[in-house]
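# Coordinate analysis (summary)
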Amino acid sequence: MKALGVQVMAELHARANPRIALTFRDGLARSLFWPYRRPDQIVFAVLCLSLLALSAWNRDFGLGFWSLGLSSGFFHGVALLGNPARLALSGVPTEAVRRGLSEGGCAPVPALEPETWRLPALPWVRPSNPLFKVTLDPESGVVEGPFSLLLGTSRRLKAAGAD
């Protein structure tokens, strides 16, 4: 199933732009089916699924059931946007990638290999939090970080003529 997700993403991006490919690091199928990574997200998802199953068991498809379904779908999408992703760039200058990251609000972290960038975070966020960390490998042209940031970066690079 993981190979199917990678193949679908590869075909989509091969048609759209052969030089920039954005994929989920864990595969498309796994990310769409269960995007929850943090313990609080997992507990919330299990609670929502349990409440949905309980209300479906009671055959009470009232406003509570539908609002719970919509809210769990919303949080599923939010969790999906925070999943780790990989942006593979071939033929795109490293300076253009760095400029795209800085336009996305990232700041370089000095003296870390591979090249690391950080999103601005609130004071109580740990520096090791993967939602706020982006790595750039200039030799291979691969950027890894949260899906939402890499999606915006790939759009900025395409708009700037990186294709």
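In what follows, the accompanying structure is described.

This paragraph deals with the pattern of salt bridges. This structure, assessed with the given rule, holds six salt bridges. The residue glutamate 144 makes a salt bridge to arginine 86 at a minimum N-O spacing of 2.7 Å. Of this pair, glutamate 144 sits in strand E6 (residues 142-146) while arginine 86 sits in strand E2 (residues 84-89), and the two are 58 residues apart along the sequence. Judged by relative accessible area, arginine 86 falls into the partly exposed class, the value being 29%. Of the charged contacts, one joins arginine 98 and glutamate 95 as a salt bridge, the two residues approaching to 2.7 Å between their closest N and O atoms. Residue arginine 98 and its partner glutamate 95 are both found in helix H5 (residues 94-103); the two are separated by three residues, about one turn of the helix. Judged by its relative accessible area of 23%, arginine 98 falls in the partly exposed class.

Formed by 22 residues in total, the largest nonpolar core has its most connected members in Leu89, Val97 and Val143. Going through the elements one at a time, strand E1 (20-24), E2, H5, strand E5 (133-137) and helix H6 (147-159) are the ones with two or more residues in this core. Ranked by the residues each element gives to this core, the list is headed by H6, at four residues. When neighbours within four sequence positions are excluded, leucine 89 is seen to be in contact with Arg19, Ile20, Val97, Ser140, Gly141, Val143 and Leu157.

Remark: H5 packs on H6, axes separated minimally by 9 Å, with the N-to-C direction vectors making an angle of 125°. Put simply, H5 runs oblique to H6. Classified by chirality, the crossing of H6 by H5 is right-handed. Residue-level inspection shows Ala96, Val97, Gly100, Leu101 and Glu103 of H5 in contact with H6, the latter providing Leu149, Thr153, Arg156 and Leu157. A per-class count over the contact of H5 with H6 returns five nonpolar, two polar and two charged.

What counts and what doesn't
- Residues numbered from 1 in each chain as written.
- Predicted model: local features only at pLDDT ≥ 70, side-chain atom pairs only at ≥ 80, totals over all residues.
- Heavy atoms only, no water.
- Salt bridge = Lys/Arg side-chain N within 4 Å of Asp/Glu carboxyl O.
- Helix = DSSP H or I, 4+ residues; strand = E, 2+ residues; numbered from the N terminus.
- Buried < 20%, exposed > 50% of the residue type's maximum accessible area, 1.4 Å probe, protein only.
- Core = buried A, V, L, I, M, F, W, Y, C linked by side-chain atoms within 4.5 Å.
- Contact = heavy atoms within 4.5 Å.
- Axes fitted to C-alpha atoms, helices over the stretch in contact; angles between N-to-C directions.
- Parallel < 35°, antiparallel > 145°, perpendicular 65-115°, else oblique.
- Left-handed = near helix turned anticlockwise from the far one by under 90°.
- Nonpolar A, V, L, I, M, F, W, Y, C, P; charged D, E, K, R; others polar.

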